[in-house]
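Observations on chain architecture
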Amino acid sequence: MSGHGHKIPPGETPRWLDERRNVDKIYYGLIVLCVGSVAADLFYEKHGHYQIEHLIGAYGIYGFLACVGLVLAAKELRKLIMRDENYYDDDADDGC
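Residues numbered from 1 in each chain as written. Predicted model: local features only at pLDDT ≥ 70, side-chain atom pairs only at ≥ 80, totals over all residues. Heavy atoms only, no water.

**Details of the pattern of salt bridges**
Considering all chains together, one arrives at four salt bridges under this definition. In this structure, glutamate 19 and arginine 21 form a salt bridge, with 2.9 Å as the shortest nitrogen-oxygen distance. (Salt bridge = Lys/Arg side-chain N within 4 Å of Asp/Glu carboxyl O.)

As structure tokens, this is what we get:
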């Protein structure tokens with residue numbers, strides 16, 4: 001059994017992400033990379049067109065907000081274009 005609460009089905013071999021310690025390594029590695037990239041922002045001169053570009057981590061914040069905006073927009077777009085689960089199966093009963 002893995003360390004984070006779910007059971008592996010019988011006969012299936014555990015994968016490396018099934019162990020909690022490996023997931024933690026990825027999690028903390030991403031944190032180190034994010035902090036490192038924001039810290040690197042301190043060591044070069046910025047030549048931005050707008051004042052907000054001179055903030056520390058401005059592009060990271062902009063990217064995060066853009067990603068959140070895309071996810072929220074996709075959730076709303078899904079409501080407009082989503083079809084029923086059996087949308088393509090409705091015509092299958094006509095005997096063709």
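Additional details are given in the paragraphs that follow.
**So, the side chain of glutamate 53**
Among the structural elements, glutamate 53 can be located in the loop between α1 (20–40) and α2 (58–81). A distance of 2.6 Å separates the side chain of glutamate 53 from the backbone nitrogen of histidine 49, its partner in a polar contact. Within polar-contact distance, the side chain of glutamate 53 engages the backbone nitrogen of tyrosine 50 at 2.8 Å. Beyond its immediate chain neighbours, meaning those up to four positions away, glutamate 53 contacts Lys46, Gly48, Ala58 and Tyr59. (Helix = DSSP H or I, 4+ residues; strand = E, 2+ residues; numbered from the N terminus. Polar contact = N/O pair within 3.5 Å; in protein donor to acceptor, adjacent residues only side chain to side chain. Contact = heavy atoms within 4.5 Å.)

**Concerning the side chain of asparagine 22**
Position of asparagine 22 relative to the elements: it lies in helix α1. Reaching out from asparagine 22, the side chain makes a polar contact with the backbone oxygen of tryptophan 16 at a distance of 2.6 Å.

**Things to note about α2**
When the terminal C-alpha atoms of α2 are compared, their 34 Å separation across 24 residues agrees well with the 34 Å that a helix rising 1.5 Å per residue should span. In terms of residue burial, α2 counts as a barely covered element, since only one of its 24 residues are buried. (Expected span 1.5 Å × (residues − 1). Buried < 20%, exposed > 50% of the residue type's maximum accessible area, 1.4 Å probe, protein only.)

**Focus on the environment of glycine 60**
As for its position among the elements, glycine 60 is in helix α2. On the basis of relative accessible area, glycine 60 is assigned to the exposed category, the value being 52%. Each C-alpha atom of the pair glycine 60 and valine 38 lies 7.7 Å from the other, and the pair is 22 residues apart in sequence.

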